[in-house]
Amino acid sequence: MVSDAELFAAAEAVRKRAHAPYSNFHVGAALLADDGKIYAGCNVENAAYPLGNCAEASAIAAMIAGGARRILKIYTTGPGRKPVTPCGGCRQRIREFAALDTPVISQGVEGVPLRTTLGALLPHSFGPEFLGR
Ligand code: THU
């Protein structure tokens, strides 16, 4: 199993490449997928603000493009001390590809990591099984 430290390093490496000139809030996400590989992504903002992508969405896109299908663990990093947890929309994005007990680790790089699960972040959630998947 890939260590939390490896995922943190991957999230931090990609966070440095974020395109976030409007918020100046650089976010990185790294996930361990069911193929044993780490997929990472950063936020990609746009002058047309609503078109920006979150780091988690970028990491998920990399995973799918890479041929993997399930998230086993995900680590998100951002500026400051407060853990940068996935936004509401990204919790749902993760829900598509992860079990409710999947570890979600979030960190502000100057602070300590928060370790929780997808189910704790997104209680009573809707997911693929409602549609027979
Ligand atoms: N952001 C993420 O990339 N992931 C999150 O879960 C929280 C927010 C990005 C979106 C935007 O580019 C910037 O952080 C400020 O909201």
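Residues numbered from 1 in each chain as written. Predicted model: local features only at pLDDT ≥ 70, side-chain atom pairs only at ≥ 80, totals over all residues. Heavy atoms only, no water.

Trainee: Whenever I open this one, the overall build of the protein chain confuses me. Can you help?
Mentor: Within the protein chain, the secondary structure is distributed over four helices and five strands. When the elements of the protein chain are put in sequence order from the N terminus, they spell out α-β-β-α-β-α-β-β-α. A compact globule built from 133 residues should have a C-alpha radius of gyration of about 14 Å, and the protein chain, at 14 Å, falls within 12% of that. Looking at the 133 residues of the protein chain, the share that counts as buried comes to 42%. Across the protein chain, the fraction of contacts at a sequence separation of at least 24, relative to all contacts at a separation of at least 6, is 62%. If you sum the accessible surface of the protein chain, you get close to 7000 Å²; carbon and sulfur atoms cover 58% of it. Averaged over its 14 positive side-chain charges, the protein chain has a centre that lies 2 Å from the centre of its 11 negative ones. (Helix = DSSP H or I, 4+ residues; strand = E, 2+ residues; numbered from the N terminus. Rg over C-alpha atoms; globule rule 2.2 N^0.38 Å. Buried < 20%, exposed > 50% of the residue type's maximum accessible area, 1.4 Å probe, protein only. Contact = heavy atoms within 4.5 Å. Areas by Shrake-Rupley, 256 points an atom, 1.4 Å probe, with all protein chains shown as cover. Lys, Arg positive; Asp, Glu negative; His and termini not counted. Charge placed at Lys NZ, Arg CZ, Asp CG, Glu CD.)

Trainee: Explain the packing of aromatic side chains here, please?
Mentor: By convention here, two paired aromatic rings are described through the distance between centres and the angle between planes. On inspection of all chains with the given rule, the structure shows three aromatic pairs. Consider the rings of Phe126 and Phe130, whose centres lie 4.7 Å apart with planes at 35°: the pair is tilted. Residue Phe126 is classed as partly exposed on the basis of its relative accessible area, which comes to 44%. (Phe/Tyr/Trp six-rings, centres within 6.5 Å; stacked < 30°, edge-to-face > 60°.)

Trainee: So what exactly am I meant to see when it comes to a nonpolar patch on the surface here?
Mentor: There is a patch of nonpolar side chains on the surface, built from Phe126, Phe130 and Leu131 and spanning about 360 Å² of accessible area. Mapping Phe130 onto the fold places it in the segment after helix H4 (118–121). Owing to a relative accessible area of 52%, Phe130 belongs among the exposed residues under this scheme. (Patch = residues over 30% accessible without salt bridge, like charges linked within 9 Å, V, L, I, M, F, W, Y side chains within 5 Å. Salt bridge = Lys/Arg side-chain N within 4 Å of Asp/Glu carboxyl O.)

Trainee: Where do I start with the pattern of salt bridges in this structure?
Mentor: Close approach of charged atoms allows side chains with opposite charge to pair. Under the counting rule described, the total for this entry stands at five salt bridges. Ionic pairing is found between Asp4 and Lys73, a salt bridge with its closest N-O pair at 2.6 Å. Linking Asp4 in helix H1 (residues 4–15) with Lys73 in strand E3 (residues 71–78), this pair joins segments that are 69 residues apart in sequence. The buried category is assigned to Lys73, whose relative accessible area is 7%. Residue Glu12 is joined to Lys16 by a salt bridge in which the shortest nitrogen-to-oxygen separation is 3.8 Å. Exposure remark for Lys16: the relative accessible area of 63% places this residue in the exposed category. Each of the salt bridges in this network shares a partner with another, and the network as a whole consists of Asp4, Lys73 and Arg115.

Trainee: How should the sheet that holds E3 be read in this particular structure?
Mentor: Backbone hydrogen bonds hold the strands of a sheet together, and the pairing may be parallel or antiparallel. Spatially, five strands are ordered E2-E1-E3-E4-E5 in an open sheet, and the strand pairing comes out mixed. Both edges of this open sheet fall to strand E2 (38–42) and strand E5 (114–117), since each of them pairs with a single strand only. Within this sheet the neighbouring strands show an average axis-to-axis angle of 20°, counted without direction. Pairing of strand E1 (residues 28–33) with E2 involves five bridges; the strand directions are antiparallel. (Pairing = 2+ DSSP bridges. Axes fitted to C-alpha atoms, helices over the stretch in contact; angles between N-to-C directions.)

Trainee: For this particular structure, what's the right way to read unusual backbone geometry?
Mentor: Leave glycine aside and you will find that most residues have negative phi; peptide bonds, for their part, are mostly trans. A positive phi is found at Asn24, a non-glycine position, where the angle reads about 55°. Residue placement: Asn24 occurs in the loop between H1 and E1. The exposed category is assigned to Asn24, whose relative accessible area is 59%. A positive phi angle is found at His124, which is not glycine, with a value near 50°. Topologically, His124 is positioned in the segment after H4. Residue His124 is classed as exposed on the basis of its relative accessible area of 84%.

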